[in-house]
Amino acid sequence: MSRVRLIDRYSRQVAVIGEEGQERLRRARVVLVGVGGLGSLVSMYLVGAGVGELTLVDFDTVNLTDLHRQLIYREGDVGKPKVDVAVERLRELNSEVKLRSVNEVLNEENAEKIIADADVVVDALDNWMSRHVLNEAVVKLRKPLVHGAVIGWYGEVTTVMPGRTPCLYEIFQSRSLPQCAGYCPVVGPVVGLVASAEATEVIKLITGIGTPLFNKLLVIDGKNWVIDEVSLVHVENCPVCSRYLRT
């Protein structure tokens, strides 16, 4: 991208992160796992910000119940694969971003292959079983992972840096949002708060600007407007970290 075009498109952002920061975004490869409530919004922020390559991973189709919070989709999209619709909309937002879609369930067989080339991985999943699979893959490959979760009025965000912070297994053992039973009841704008925090973490990791949420869990209570940080500590003999991070 020419300097004139860069300044023209990203002028408000370059004023904050500089041309070097913008260039780092342009070269970055991000894998976003889950294109539902959190992931659909994260994808829009990252594509708008000008990440170089974004891979969208989801096997689901658009449902009418998604539309109150998954604002990338429309009524006419109901029944269509989420990754296909999302790629189409995101191309309209920024045609300069390379978009890849993986219309598959994340599992133990494909997780490492999907994230192998990623600079940052984003957890926008809605179930802990898939998160455990993703966690094991990012720890094994030592990929930074931005985690977000939401239920009801509440959300949480943290960034996992294997070897430097607790992994998701350790966080789940100590504290996390309740698990959903069949479906997750959520207030749409609270999903937006968590997605915005996740996208901000990704931009900080890529540009090297600011302080990521290492060893800290950002907890958002949208009902009572309480935003707090919880310190995270390693769990002794974590089965994931001890398996893949032995020195």
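Conventions we followed
Position labels on residues start from 1 in each chain and follow its written sequence. Totals for whole chains, interfaces and linings use every residue, but because this is a predicted model, local features are given only for residues with pLDDT of at least 70 and side-chain atom pairs only at 80 or more, for both listing and counting. Think of the side-chain values as coming from all heavy atoms in the structure, minus any hydrogens and water. Working definition: helices are DSSP H or I runs of at least four residues, strands are E runs of at least two. Numbering for both runs from the N terminus. Contacts: residue pairs with any heavy atoms within 4.5 Å of one another. Polar contacts, as used here, are pairs of N or O atoms within 3.5 Å; protein pairs need one atom able to donate a hydrogen and one able to accept it. Residues neighboring in sequence count only if both atoms are side-chain atoms. Partly exposed describes any residue whose relative accessible area lies between the buried limit of under 20% and the exposed limit of over 50%, with all areas from a 1.4 Å probe on protein chains only and scaled to the type maximum. In this analysis, strands are considered paired if DSSP registers two or more bridges between them.

S.K.: So what exactly am I meant to see when it comes to the environment of Q70 here?
M.R.: With respect to the helices, strands and loops of the structure, Q70 is situated in the loop between β2 (53-57) and α3 (82-93). Taking the C-alpha atoms as reference points, Q70 and A118, 48 residues apart in sequence, are found 24 Å from one another. For Q70, the contacting residues outside a window of four places in its chain are V35, G36, G37, S40 and K82. Reaching out from Q70, the side chain makes a polar contact with the side chain of K82 at a distance of 3.2 Å.

S.K.: Sorry if this is basic, but what is going on with the pairing of strand β7 (residues 216-221) here?
M.R.: Two faces, one strand: in a regular strand the side chains alternate between the faces of the sheet. A large share of β7 lies buried, amounting to 5 of its 6 residues. In this structure, strand β6 (residues 154-160) lies alongside β7, joined through 4 bridges in antiparallel fashion. Its bridge partner being in β7, Y154 is matched across the sheet by D221. Of the strand pairs in this sheet, β7 and strand β8 (residues 226-231) are connected by 6 bridges, and their pairing is antiparallel. Along β8, the bridge assignment pairs I220 with I227. Between the antiparallel neighbours β7 and β8 lie 4 residues, among them W225 with a positive phi of about 50°.

S.K.: Is there a simple way to explain unusual backbone geometry in this structure?
M.R.: Both trends apply: most residues other than glycine have a negative phi, and most peptide bonds are in trans. Phi angles above zero are rare outside glycine, and W225 is one such case at about 50°. Among the secondary structure elements, W225 is positioned in the loop between β7 and β8. Positive phi outside glycine occurs at N237, with the angle close to 60°. Its place among the elements puts N237 in the loop between β8 and α8 (241-244). The class of N237 is exposed, set by a relative accessible area of 64%.

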